[in-house]
Each structure stands twice: as structure tokens, then as C-alpha cells.
Amino acid sequence: MASCVTDTARALACRDGPAATNLKYISLLIIFFTSIFGIASPVVLARYFHGKPVYDKAILIIKCFAAGVILSTSLVHVLPDAYDALSDCHVASHHPWKDFPFAGLVTLIGALLALLVDITATAHVEDSHRSPCEYKPIGTPEELEVKRAGELSRLEKGEELVRLKQRLVSQVLEIGIIFHSIIIGVTMGMSQNVCTIRPLVAALSFHQIFEGMGLGGCIAQAGFSVGTVAYMCFMFSVTTPVGIVLGMIVYSLTGYDDSNPNALIMEGLLGSLSSGILIYMGLVDLIAVDFFHNKLMKSTPRMKKASFVALVLGSTSMSILALWA
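Residues numbered from 1 in each chain as written. Predicted model: local features only at pLDDT ≥ 70, side-chain atom pairs only at ≥ 80, totals over all residues. Heavy atoms only, no water.

Draft legend 1. Region of interest: the overall build of the protein chain. Of regular secondary structure, the protein chain possesses 11 helices and zero strands. Moving toward the C terminus, one meets the helices and strands of the protein chain in the order α-α-α-α-α-α-α-α-α-α-α. Expressed as a percentage of the 325 residues in the protein chain, the buried residues total 43%. Contacts spanning at least 24 positions in sequence make up 87% of the contacts within the protein chain whose residues lie at least 6 apart. Looking at the protein chain as shown, the accessible area adds up to about 17100 Å², and 69% of this sits on carbon and sulfur atoms. (Helix = DSSP H or I, 4+ residues; strand = E, 2+ residues; numbered from the N terminus. Buried < 20%, exposed > 50% of the residue type's maximum accessible area, 1.4 Å probe, protein only. Contact = heavy atoms within 4.5 Å. Areas by Shrake-Rupley, 256 points an atom, 1.4 Å probe, with all protein chains shown as cover.)

Structure representation (C-alpha cells):
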């Protein structure tokens, strides 16, 4: 059975409600603007390069960096935090939490749910674009022209399917990131520990920049309208600040802080679900698609090396932040 052993003197010295509240108010603006900078940077760069010869290469490099950020976020940040929350002595000493690794189970459920959404949406898109197969004899020039027009139409439909798939990936990815951002925000909002909050503000600012660059890279490639891009960027930017405000409201109404068993259970379960979604999206819809099915990657060996370097840089930059948050 887990036991709780803490440094009571240090915990009491760090627990300062008014100071913690002031830090949270400051963090709202800092995190909001760093989030905007992170997610808007790849979107603006993509708009700038659009129509230029290096556009496709720039988008591919940004997306590979994004994949590294997303994968590192799920495996180095979200999943360990979920395990820690559910293995805390206040939770793991009771049934059923001490009897089964729920963090791993819910992570698996998150990955399977992401796969189910992927399969269902892809099938729906393909069915809506599938034309009935009819046998038509080919012989005259007019019939040959009809055949060429049909082939061109199928090519355009294939490109449209790819674009719709990219949009689906961006939307599901944002859902997973929003789960994660809400969890971070609520946990910070409920905390009264200034020793925890002070370094967390700086770490979360860099965290939002890198995670925003990851999501922004996927949004840039998906080809959304300006209004949709603005909406998705806004939602990402306000999610963590809104989570902080919600955490402050929960604490003021219930007295629950970030060490309360119920809060830890909710944090662990939602974190595990988010981790499963992000792991699936990072490996299947980002890394596998680009490294094994991207024509530009296959035709240019140097691009494959550059893309792998971008993937490693994205993973490394996000992993280093685990030292602070």
C-alpha cells in the first residue's frame, strides 16, 4: 500500500493563496500571447511561402517538426503526468486504483478511439466522393476525350481526399491538445503552491510555443479557410488560460486543490485519454504518412534526411521542457 511522506515545513512555506492568485493572473496573459505566437508562426510562414518553389518543402519540414513535438508531448509530458496522478499516495492506496494500471488502459482506449474516428471519417469521405463504375466502350476520339476527362476528374478527387484527410488530422489533433491544455490549466488554477506555479509559468510558455508550432504546422498544410484557421488558432490560444480560470473557480467553490484525490483521478484519466489520442495521431497520421507515403519524401533523399532531423529537433525541444514542466 502506498504511503504519504511529505516535507510538511516546506509545503506550508510554499502554500500562499494570495501570491499564487497573483501569479495565475500574470500567467493568463503570458501563456495567451505565447500560445498565439507558437501556433501563428507556421501558419504565417506557410502563407508567405505559398506559391513559391520551396513551399512544399517548407510545409513538410514544419510538419515533421510538428510530429516530433506532438509525439514528445504525449510520451514525455502527458503520459508520465497521468501515471503520477493515478499513482499518488492519496489515490493508489484505495480500490480500484491500486489494483490495475488504469493510466495505460485509458491511453489504449484513447488510441483506439482516435483510430475509430479516423476509420469512420475516412470511409465517409471516400463514400461521398466515389463515383459509380460503369462500363463504357472506348474507340472514337470523342470517347477517348471522355476517358481523359474522367482520369483527370479521378486525380482531382484523389487530391481532394488527401486535403480532407489533412483537415481531419488537424481537427482531431487539436481536440487531443485541447484536452491536454485544459488539464494543465485546471491543475495550475487549483494549485496554491507558489513554489510549483512560479517555474511552471515560464515552462508552460515555452511548452505552448512548441506545441502551438506543432499544431500550426498541421493546420497550415490542411488548406483551411482564413476564418477556420483563425478560429482554430484562437481556440488553442485560450484553452490553457480558460483552464486556469476554471481551476481557480473550482478551488474557490469546493476547496479542492491539485492534491485532492478526486482532482488527481480526473487529471490522470483525462491525461491518459489525451495521451492515447496524441500518440496515435503522431505515429499514424503524421510520421507514417509523411515518411512512407509522401511523394516529395520519396523523390528527394535529402528531404528525407532533413525531415528526420526536423522530427528529432521537435522531439528534443519538447523533451527538454520536461525538466521544468
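Once you've had a look at it, read on.
Draft legend 2. Highlighting the nonpolar core. By size, the foremost hydrophobic cluster in this structure holds 41 residues, and its most contacted members are Leu 173, Ile 177, Leu 215, Ile 219, Met 281 and Leu 286. Taken together, the elements giving at least two residues each to this core come down to helix 2 (17-49), helix 3 (55-86), helix 5 (102-129), helix 6 (141-190), helix 7 (194-222), helix 8 (226-254), helix 9 (261-293) and helix 11 (301-320). If we ignore the near neighbours within four places in the chain, the residues touching Leu 173 are Ile 70, Leu 215, Cys 218, Leu 278, Met 281 and Leu 286. Membership of the second largest hydrophobic core comes to 13 residues, among which are Ala 20, Met 188, Ile 197 and Met 248. (Core = buried A, V, L, I, M, F, W, Y, C linked by side-chain atoms within 4.5 Å.)

Draft legend 3. Seen up close, the packing of helix 2 against helix 7. Relative to each other, helix 2 and helix 7 sit at 20 degrees, their axes nearing to 7 Å. The pairing of helix 2 with helix 7 is recorded here as roughly parallel in orientation. Crossing handedness for the pair helix 2 and helix 7: right-handed. Tallied by class, residues from the contact of helix 2 with helix 7 come to 19 nonpolar, nine polar and two charged. (Axes fitted to C-alpha atoms, helices over the stretch in contact; angles between N-to-C directions. Parallel < 35°, antiparallel > 145°, perpendicular 65-115°, else oblique. Left-handed = near helix turned anticlockwise from the far one by under 90°. Nonpolar A, V, L, I, M, F, W, Y, C, P; charged D, E, K, R; others polar.)

Draft legend 4. Local environment of the UniProt feature "transmembrane region" (unreviewed entry) in the protein chain. Under the present numbering, the feature "transmembrane region" (unreviewed entry) in UniProt falls on residues 25-46, 58-80, 100-121, 172-191, 197-217, 229-253, 273-293 and 305-324. Span residues 58-80 is 100% helix and 0% strand, its end C-alpha atoms 32 Å apart. Structurally, residues 172-191 comprises 95% helix and 0% strand, and the distance from its first C-alpha atom to its last is 29 Å. (UniProt positions renumbered as here; feature names shortened; annotations may be inferred.)

Draft legend 5. Layout of the packing of helix 2 against helix 8. Helix 8 packs onto helix 2 with a crossing angle of 160 degrees between their chain directions and a minimal axis gap of 10 Å. Here helix 2 is positioned roughly antiparallel relative to helix 8, judged by the angle of their axes. Our pair here, helix 2 against helix 8, has a crossing hand that is right-handed. From helix 2, Thr 21, Lys 24, Tyr 25, Ser 27, Leu 28, Ile 31, Phe 32, Ser 35, Ile 36, Ile 39, Val 43 and Arg 47 reach across to helix 8, where they touch Val 226, Val 229, Met 232, Cys 233, Phe 236, Ser 237, Val 238, Thr 240, Pro 241, Ile 244, Val 245 and Met 248. Classifying every residue of the contact of helix 2 with helix 8 gives 17 nonpolar, five polar and two charged.

Draft legend 6. Fine view of the environment of His 95. Relative to the elements of secondary structure, His 95 occurs in the loop between helix 4 (89-92) and helix 5. At 2.6 Å, the side chain of His 95 forms a polar contact with the side chain of Asp 99. (Polar contact = N/O pair within 3.5 Å; in protein donor to acceptor, adjacent residues only side chain to side chain.)

Draft legend 7. Up close: helix 11. Compared with an ideal rise of 1.5 Å per residue, which puts 20 residues at 28 Å, helix 11 spans 29 Å between its outermost C-alpha atoms and is within 8% of the ideal. Of all the residues in helix 11, the buried ones are Met 303, Ser 307, Ala 310, Leu 311, Gly 314, Ser 317 and Met 318. On an axial view of helix 11, the arc spanned by its buried residues comes to 140 degrees, and they lie on one face. Turned more than 90 degrees off the buried face of helix 11, the exposed positions are Pro 301, Arg 302, Lys 305 and Leu 313. Tucked inside the fold, the buried residues of helix 11 contact helix 3, helix 7, helix 9 and helix 10 (295-299). (Expected span 1.5 Å × (residues − 1). Arc of directions from axis to C-beta.)

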